[in-house]
Amino acid sequence: MADAQTLKQLVLGRKDVQDLSDTEQEPPPDLMTVNMGPSHPAMHGTVRIVLTVDGEKIVKSDIHPGYLHRCFEKESEYATYTQVFPYTDRLNYVSPMINNCGWAMAVEKLMGLTGKLPKRVEYIRVIISEMSRMTDHLTCIGASAMELGAFTAFLYFLKSREWLYELLEKISGARLTHSYVRVGGVAKDLPADWDADLTHCLDKIVGVIDEVEVMLNNNKIFRDRMAGIGAMTRADAIASGCVGPIARACGVDYDVRRDHPYSVYPELEFDVPLGTTGDCYDRYLVRVEELKQCIRILRQCQKQIPDGPIMVDDPRCSLPPKTDTYNTIESMIRHFKHIMDGVRVPAGEGYAFVEGGNGELGFFVVADGTGRPYKAYCRSPSFVHLSTAGQLIHDHFIADVVPIFGMINMIGGECDK
Amino acid sequence: MSKKVLDALTAKFPSAIVRTATANGDEIAWIKRDDLLAVAKWLRDDPAMAFDAPVFCTCIDWLDWKPQHNNRPPPEWGSAWNETKPRFTVCYQLRSVAHKHRLRLEIELPENDPRCASLAELWPAFNWQERETFDMYGIKFENHPDLRRIYLYEEFVGYPLRKDYPKEKRQPLVRRDDLPINPIKAEHK
């Protein structure tokens with residue numbers, strides 16, 4: 001026996017629990033510091049948490065974002081207003097169209113163009129925003145389900161996300177970083193058969209959502225890991241600046257689309273789902289319901305979208321027609337100045353915000369009258385939500401960090417700018 | 001509706017408000033630095049104001065400010081920045097869930113003494129946002145519970161979003177214990 005034990009220690013470098021003395025079987029009495037991330041599969045994007053754990057229980061945590069910091073704000077100060085669009089694509093790279101719209105709205109606010117865009121532009125923006133919101137929620141739910149072991153739900157949702165990406169690619173020309181919106185309009189009109197494609201796509205997704213709901217809603221493992229985990233009270237959610245699905249899961253009845261209506265949202269009918277307990281399971285339910293509301297909005301848009309121009313008729317932000325550019329010197333110069341100097345925005349400051357995938361996404365812009373922003377600031381919901389994570393994971397087990405993080409849906413690009 | 005907020009604020013704190021304005025649909029109140037905490041506390045606790053939700057905190061560096069097509073620039077001191085003008089403006093955007101109104105507080109800070117009261121005690125969301133503003137602009141928030149850099153590493157020298165920080169400057173973080181301390185860092189201290 002003794003020989004066997006020594007052999008096991010020598011060969012395998014370990015002991016069985018029953019071979020340990022009584023004192024060795026106890027977990028270590030001291031607190032332990034563990035690094036979770038930055039490149040951990042469950043840390044969406046890259047974020048590092050320095051956890052102080054008592055056994056498996058988290059007693060203290062220090063979250064370090066910033067591994068994906070690409071100086072969005074500094075780069076924007078050196079780019080023309082139009083050149084900022086590709087940067088905004090890379091903020092929340094799961095729903096880039098909403099970022100595009102948010103930036104365009106901030107610039108239009110300073111130019112006094114809010115509410116003066118052609119109806120078709122506003123409808124196109126709502127359509128692409130809602131499609132982006134769907135890709136965001138599909139990714140969030142799918143990835144979180146996968147981290148809890150439900151791989152089928154992940155594959156189903158990513159497959160449906162791909163249908164939406166294919167359609168967005170058809171509309172904009174790029175699968176992920178669309179850069180489709182422009183100041184005062186959009187880059188090009190919707191393709192001829194977008195209506196039928198979207199109907200087909202939504203019909204399929206309705207079925208997929210039903211299938212995934214059957215798989216997850218009353219799944220014992222899923223519910224045990226989600227219900228009661230990472231709960232937040234309504235008052236905490238408000239004071240911590242939470243917005244979007246996370247705040248709504250806590251019962252905060254706030255949706256930018258309804259409470260500070262922009263674009264053509266007042267003409268559309270949709271409900272704002274609310275949770276009661278504010279835990280991870282409620283966040284999941286709110287997101288699923290929002291998916292259904294997105295489909296509802298999209299179907300209304302399909303019926304209501306009018307024909308018309310796709311760019312506001314304002315020489316400050318629309319390019320001259322191509323025939324004029326090639327045939328008259330004035331239009332040629334205007335085209336050149338527009339591209340090289342950028343859209344001239346009158347001096348001033350303004351904050352415009354939209355309902356992003358994770359809540360109120362805003363851009364605070366200070367303009368000095370030139371074609372480049374003097375200052376561009378992005379109010380990123382992910383950053384604000386991540387700041388609450390330390391409080392949410394407190395007193396939970398290490399394994400609970402995964403669903404809490406999944407449902408906060410921190411997007412590295414948006415959080416770290 | 002929000003104009004009422006500005007009027008009530010001016011009536012309540014006549015000496016603390018430098019001026020108020022409505023620019024591009026946003027309500028803005030410029031507050032004296034020393035009165036910020038009292039004003040903010042009242043804004044949060046008064047039932048008619050009820051600014052319970054924080055939105056964002058950031059800062060504007062006016063160093064390169066030379067506005068063109070200048071009709072109404074945001075700072076009242078107008079045209080171009082010079083040494084006699086306050087260099088930084090810290091902005092706090094607040095929102096009320098109940099009344100659905102919004103307000104931006106702006107605090108002007110001199111170049112040689114960029115300190116400002118921290119509002120992290122009143123709204124926990126400002127904890128990280130003020131850390132970000134400190135990280136990027138070097139604003140010292142007084143009584144902040146944990147004022148550290150947040151995006152950048154602690155060895156980083158300078159504040160990258162200030163206008164005098166060159167865009168092309170690189171500061172790779174390479175730990176080499178055998179080399180002497182970075183001369184830039186020594187000089188900065």
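Residues numbered from 1 in each chain as written. Chains lettered and ligands numbered in written order. Predicted model: local features only at pLDDT ≥ 70, side-chain atom pairs only at ≥ 80, totals over all residues.

Let's talk about the overall build of chain A
Short version of the rule: The numbering of helices and of strands both runs from the N terminus, where a helix is a DSSP run of H or I of at least 4 residues and a strand a run of E of at least 2. With C-beta atoms placed from the backbone, a residue is labelled by how many other C-beta atoms lie within 10 Å of its own: buried for 20 or more, exposed for 12 or fewer, partly exposed between the two. Throughout, a pair of residues is in contact if the C-beta atoms placed from their backbones lie within 7 Å.
What chain A contains, in helices and strands, is 18 helices and 8 strands. Scored against the burial criterion, the 417 residues of chain A give a buried share of 50%. Partitioning the intrachain contacts of chain A with sequence separation of at least 6 by distance along the chain shows that 71% fall at a separation of at least 24.

Section: the nonpolar core
Inclusion rule: For the purposes of this analysis, a nonpolar core is taken to be any set of buried Ala, Val, Leu, Ile, Met, Phe, Trp, Tyr and Cys residues that are connected through C-beta atoms within 7 Å.
Among the nonpolar cores identified, the biggest contains 163 residues, and A:Val107, A:Phe363, A:Val365 and A:Ile404 are the most heavily contacted of them. Residue contacts for A:Val365: discarding those within four places in its chain leaves A:Ala106, A:Val107, A:Leu110, A:Glu349, A:Gly350, A:Pro373, A:Lys375 and A:Ala376.

So, the pairing of strand 5 (residues 102-109) of chain B
Residues and elements named next belong to chain B. Heads up, the condition is: Between any two strands, at least two bridges found by DSSP are needed for them to pair.
With 7 of 8 residues buried, strand 5 lies mostly within the body of the structure. By the bridge criterion, 4 bridges tie strand 2 (residues 26-31) to strand 5 in an arrangement that is parallel. Among the inter-strand pairings, Trp-30 is bridged to a residue of strand 5, identified as Glu-106. The sheet contact formed by strand 4 (residues 88-95) and strand 5 spans 8 bridges and is antiparallel. The residue bridging Val-90 from the neighbouring strand is Ile-107, located in strand 5.

Points about the packing of helix 6 (residues 119-147) of chain A against helix 7 (residues 151-172) of chain A
All names here are of chain A. Quick note on the threshold: Here the axes come from fitting lines to C-alpha atoms, over the contacting stretch only for helices, and the angles between their N-to-C directions go from 0 to 180 degrees. Oblique is the label for any angle not covered by the other classes, which are roughly parallel (under 35 degrees), roughly antiparallel (over 145) and roughly perpendicular (65 to 115). Crossing handedness is defined as follows: a turn of the near helix away from the far one that is anticlockwise and smaller than a right angle gives a left-handed crossing, while the clockwise case is right-handed. Gly is put with the polar residues, along with every residue not named as nonpolar or charged; the nonpolar set is Ala, Val, Leu, Ile, Met, Phe, Trp, Tyr, Cys and Pro, and the charged set is Asp, Glu, Lys and Arg.
Put simply, helix 6 and helix 7 touch, their axes get as near as 8 Å, and they point 160° apart. Viewed along their axes, helix 6 and helix 7 adopt a mutual orientation that is roughly antiparallel. Of the two elements, helix 6 crosses helix 7, and the hand of that crossing is left-handed. Contacts from Ile-128, Met-131, Met-134, Thr-135, Leu-138, Thr-139, Ile-141, Gly-142, Ala-143, Ala-145 and Met-146 in helix 6 reach Phe-151, Ala-153, Phe-154, Phe-157, Leu-158, Ser-160, Arg-161, Leu-164, Tyr-165, Leu-167, Leu-168 and Ile-171 in helix 7. When its residues are assigned to classes, the contact of helix 6 with helix 7 shows 18 nonpolar, 4 polar and 1 charged.

Some remarks on the interface of chain B and chain A
Each partner contributes residues to the interface: chain B has 35 residues there, and chain A has 36 residues. Sorting the residues of the side of chain B that touches chain A by element identifies strand 3 (53-61) and helix 3 (125-137) of chain B as the ones contributing at least two each. When residues of the side of chain B that touches chain A are assigned to their parent elements, the largest contribution, 6 residues, is made by strand 3 of chain B.

Let's talk about the sheet that holds strand 8 (residues 373-379) of chain A
All names here are of chain A. In space, the 3 strands of this open sheet follow the order 6-7-8, with antiparallel pairing throughout. Each edge of the open sheet carries a strand with a single partner, namely strand 6 (348-356) and strand 8. Neighbouring strand axes in the sheet, compared pairwise and without regard to direction, differ in orientation by 15° on average. Summarising the sheet, strand 7 (residues 359-367) and strand 8 pair through 6 bridges and their orientation is antiparallel. Opposite Gly-362, over in strand 8, you have Arg-379 as the bridge partner. Along the sheet, helix 5 (residues 96-111) contacts strand 6 and strand 7; its crossing angle with strand 6, the most-contacted strand, is approximately 150°.

Digging into helix 2 (residues 36-45) of chain B
Residues and elements named next belong to chain B. Rules: Picture the helix axis, draw a direction to every C-beta atom, and the arc is the one those directions span.
If you check which residues of helix 2 are buried, you get Val-39, Ala-40 and Leu-43. All buried residues of helix 2 lie within an arc of 95° about the axis, which places them on one face of the element. Next to the buried residues of helix 2 lie strand 2 and strand 4.

A few points about the sheet that holds strand 3 of chain B
All names here are of chain B. Strand order in the open sheet formed by 5 strands is 1-2-5-4-3, and the pairing between neighbours is mixed. Pairing within the sheet leaves two strands with one partner each, and these edge strands are strand 1 (17-23) and strand 3. Sheet twist, expressed as the average angle between the axes of neighbouring strands with direction ignored, equals 20°. The strands touched by helix 3 within the sheet are strand 3 and strand 4, with strand 3 carrying the most contacts at an inclination of about 10°.

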